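Examination of the molecular architecture
Listed below, chain by chain, are the residues.
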Amino acid sequence: MRFRFASRSLSSMKQAPETLAQRGKAATDAAHIAIATVHGMDFLLTWNCVHIANAVIAKAVANTCRQHGFECPFICTPEELF
């Protein structure tokens, strides 16, 4: 079971940043989301409201995560969580 999850995670990690990043400008931010997603995090806290904690792209991020078979973590700033 663990091996299967690791294999699936690696495959998704290779694809998700490319799908989430807008023309390569947000590749690091997309990788941040992908890492939190494949590791099953419930929350992703960030101060990056440009590419990560952004209500405009939240739906697209969640859809991309679901397309790869994962549940997207709740993405918010620390202030929003508390």
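Here, every reference points to the structure presented above.
Note that this is a predicted model, so its numbers are computed, not measured.

Points about a nonpolar patch on the surface
Taken together, the side chains of F43, L45, F74, L81 and F82 present a nonpolar region at the surface, about 550 Å² in accessible area. Structurally, L45 can be placed in strand β1 (residues 43-45).

Here we look at helix α3 (residues 55-67)
Relative to the 18 Å expected for 13 residues at 1.5 Å per residue, α3 spans 19 Å between its end C-alpha atoms, a close match to the ideal helical length. The opening residue of α3, the one whose side-chain oxygen lies 2.8 Å from the backbone nitrogen of V56, is N54. Among the residues trailing α3, G69 stands out with phi positive, at a value near 85°.

Here's the deal with the nonpolar core
One finds I33, A36, L44, I52, A53, I57, V61, A62, C65, C72 and I75 forming the largest nonpolar core, which totals eleven residues. Elements supplying a minimum of two residues to this core: α2 (27-38) and α3. If one sorts the elements of this core by residue count, α3 sits on top with four residues. Not counting residues up to four positions away in its chain, the partners in contact with A53 are T46, N48, I75, C76 and T77.

What counts, and where the lines are drawn
- Residues numbered from 1 in each chain as written.
- Predicted model: local features only at pLDDT ≥ 70, side-chain atom pairs only at ≥ 80, totals over all residues.
- Heavy atoms only, no water.
- Patch = residues over 30% accessible without salt bridge, like charges linked within 9 Å, V, L, I, M, F, W, Y side chains within 5 Å.
- Areas by Shrake-Rupley, 256 points an atom, 1.4 Å probe, with all protein chains shown as cover.
- Salt bridge = Lys/Arg side-chain N within 4 Å of Asp/Glu carboxyl O.
- Helix = DSSP H or I, 4+ residues; strand = E, 2+ residues; numbered from the N terminus.
- Expected span 1.5 Å × (residues − 1).
- Polar contact = N/O pair within 3.5 Å; in protein donor to acceptor, adjacent residues only side chain to side chain.
- Core = buried A, V, L, I, M, F, W, Y, C linked by side-chain atoms within 4.5 Å.
- Buried < 20%, exposed > 50% of the residue type's maximum accessible area, 1.4 Å probe, protein only.
- Contact = heavy atoms within 4.5 Å.

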